[in-house]
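Survey of secondary and tertiary structure
Single-letter residue listing:
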Amino acid sequence: MTYERRAQRLTRVYPRAWRERYGDEFECLLADQMHDGTFTILQTFNVLANGCGARASAVGLRSAHNPRALQRWSPAWAAISTTLFIAFGSALWSQLTIGWQWARPTALGTRGAMWVMSLSMAVFLLVILSAGATFVVRTWRQRASLLARRALAIGAVLFVAGLLAFVVGAIHFSQHWPGTHGHPWSGRGIVPGGVGAFAWSATSSITAYWMHPTALAHFPATELTWMFLSPLALITALVGLGTIVVAVRQHTHFTTPSVWWTRVLGANMMAFLFGALWWLMDGDSSPRNLFHRGLIDVIDVIMMTLSFAWSVDILGRWRRSHAGVATI
Amino acid sequence: MVPPAATDDSLGSFGRYAGPATLILSSLADGPKHGYALTKDIEDIAGVRLAPGTLYEALSRLENLGLIHALAAEDRRKPYELTAAGALALRTHLTTQRRLVDVGLKRLAGNWGHA
């Protein structure tokens, strides 16, 4: 392969917009360095790393001098990071909710933590519904362009298909697993049994069972399939949601992140994290070890913390990009 | 008295690209150069070989901030030129750095002699 051809292939790691501006001269530089023998394997890694960095900047995933990309993509990343937080939170909360369907926790800490997390879940639901309604109403009022409508339609199809598969599957499996809605003791906890069962079934893929193949082997094939398919359905819904948010954001006038709901969301995430940590540190799993804390719960809380930190980072950079502050 | 420009150290906000950006601006202070000529000149003046990815990341940031600008391409190679804002930013940054160098050397001489 000639040096020019090799340089051209390496440059492809950069995004198209970057290549249109710097591609030609960059290829020349690489080819010149290859000719004089100064282009080492380390230089190759440097090009690959910076190319990936440029791609991350292009989709608003990196603090870079690209406020337009930050403004365009941040709403979608904020929606995705919040959904991840809620997914991990639901996995933890639903286990405790199911436990409470069997028996009331002995420890005051577990009961208090459950109240905090349950109220927080209700606030999440309200914020999501009101934010969704705001997006729909504003988009409709501002008469989105045809291009936006097409992107909106694709996003809507993915979102509805993913969500439908996710919800229908979760409802179906919530009826058949022990401790869920089908159990005669359901309704004993602080949330309706069906809600807890749905959340448990929906987040059943986030479980320590993956570390115990012998236990997994006893699961019915349909349930195992559901544990594989439910994250895929959720990812499809998330991709659809991201597409909708980007389309709406691009073709309407959402110029700044709305302060009030981001604050409500941030405070609510902190409240939920507080509840989860309260339960983790409480140490009492009685009665009947129903409220046992395992490694998976610790990992779950770490993932929630990371999702929360990511959301805060995204919103901070989004605001700074509007305020005209250099985000290098 | 501190000159007004000394409070506006644009390169200070470049994070890990502050070093490459300073080297590039210092090289361009001598006249316009394209990418390959820049890496050769920087190697000569500072003994540092800037990797191509790092060079172009710093170049694009400097260009976006208006500290350098591209001239017409010569055989696909585009030379870059220092702007007035770039010259001011470089002067401010180097002045700040020189102050630090002076203080460091003075303290070393006071406490460590010529060791």
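What counts, and at which threshold
- Each chain has its residues counted from 1, running along the sequence as written.
- Just so you know, chain letters begin at A and ligand numbers begin at 1, following the order they were written in.
- At least 70 in pLDDT is required for a residue's local features to be given in this predicted model, at least 80 for side-chain atom pairs to be given and counted, and no such filter applies to totals for whole chains, interfaces and linings, which use all residues.
- Strands are runs of DSSP state E lasting at least two residues, helices are runs of H or I lasting at least four, and both sets are numbered from the N terminus onward.
- With C-beta atoms placed from the backbone, a residue is labelled by how many other C-beta atoms lie within 10 Å of its own: buried for 20 or more, exposed for 12 or fewer, partly exposed between the two.
- The contact criterion used here is simple: two residues whose C-beta atoms, placed from the backbone, lie within 7 Å are in contact.
- To form a nonpolar core, buried Ala, Val, Leu, Ile, Met, Phe, Trp, Tyr and Cys residues must be joined through C-beta atoms within 7 Å.
- Each domain's limits were defined by an automated method or a database of domain assignments.
- Residues are grouped as follows: Ala, Val, Leu, Ile, Met, Phe, Trp, Tyr, Cys and Pro are nonpolar; Asp, Glu, Lys and Arg are charged; all remaining types, including Gly, are polar.
- Here pLDDT means the predictor's own confidence in every residue, given as a number from 0 to 100.
- Every angle, taken between N-to-C directions, lies between 0 and 180 degrees, and every axis is a line fitted to C-alpha atoms, over only the stretch in contact when it is a helix.
- The cut-offs work like this: below 35 degrees is roughly parallel, past 145 is roughly antiparallel, 65 to 115 is roughly perpendicular, and the gaps in between are oblique.
- Each residue is assigned a bend, namely the angle between axes fitted to the seven residues that terminate at it and the seven residues that start at it.

1. So, the overall build of chain B
The helix and strand inventory of chain B stands at four helices and two strands. Secondary structure of chain B in N-to-C order comes out as α-α-α-β-β-α. Scored against the burial criterion, the 115 residues of chain B give a buried share of 35%. For chain B, the share of sequence-separated contacts (at least 6 apart) that also reach a separation of at least 24 residues comes to 55%.

2. So, the nonpolar core
Grouped together as the largest cluster of nonpolar side chains are 96 residues, with contacts concentrated most on I24 and L62 of chain B. Among the elements that line this core, the one with the most residues is helix α4 (residues 67-102) of chain A, at 18 residues. When we break this core down by domain, the ones giving at least three residues each are domain 1 (3-58) and domain 2 (68-323) of chain A. Setting aside its immediate chain neighbours within four residues, L62 of chain B contacts A21, I24, L67, I68 and G86 of chain B.

3. Observations concerning the interface of chain A and chain B
A common measure of how large an interface is: the accessible area buried when the components associate. Each partner contributes residues to the interface: chain A has 19 residues there, and chain B has 19 residues. Mapped onto the side of chain A that touches chain B, the elements with two or more residues apiece are α2 (16-35) and α3 (41-58) of chain A. Partitioning the side of chain A that touches chain B into residue classes produces nine nonpolar, seven polar and three charged.

4. Some details on the confidence of the model for chain A
Model confidence for chain A is summarised by a mean pLDDT of 81, while 85% of its residues fall at 70 or above. When the elements of chain A are averaged for pLDDT, helix α7 (residues 193-202) of chain A gives the smallest value, 77, and α2 of chain A the largest, 92.

5. A few points about the packing of helix α1 (residues 18-28) of chain B against helix α3 (residues 52-64) of chain B
Residues and elements named next belong to chain B. At a minimum axis separation of 9 Å, α1 and α3 run at an interaxial angle of 75°. When the axis of α1 is compared with that of α3, the two are roughly perpendicular. Here P20, A21 and I24 of α1 come into contact with α3, specifically with T54, L55, A58, L59, R61 and L62. Per-class residue counts for the contact of α1 with α3 are seven nonpolar, one polar and one charged.

6. Structural notes on α2 of chain A
Residues and elements named next belong to chain A. In α2, a bend of some 70° at Y22 exceeds every other bend along the element. Three or more residues of α2 are buried, namely W18, Y22, E25, F26, E27, C28, L29, L30, A31, D32 and Q33. Positive phi appears at G37, one or two residues downstream of α2, with a value of about 75°.

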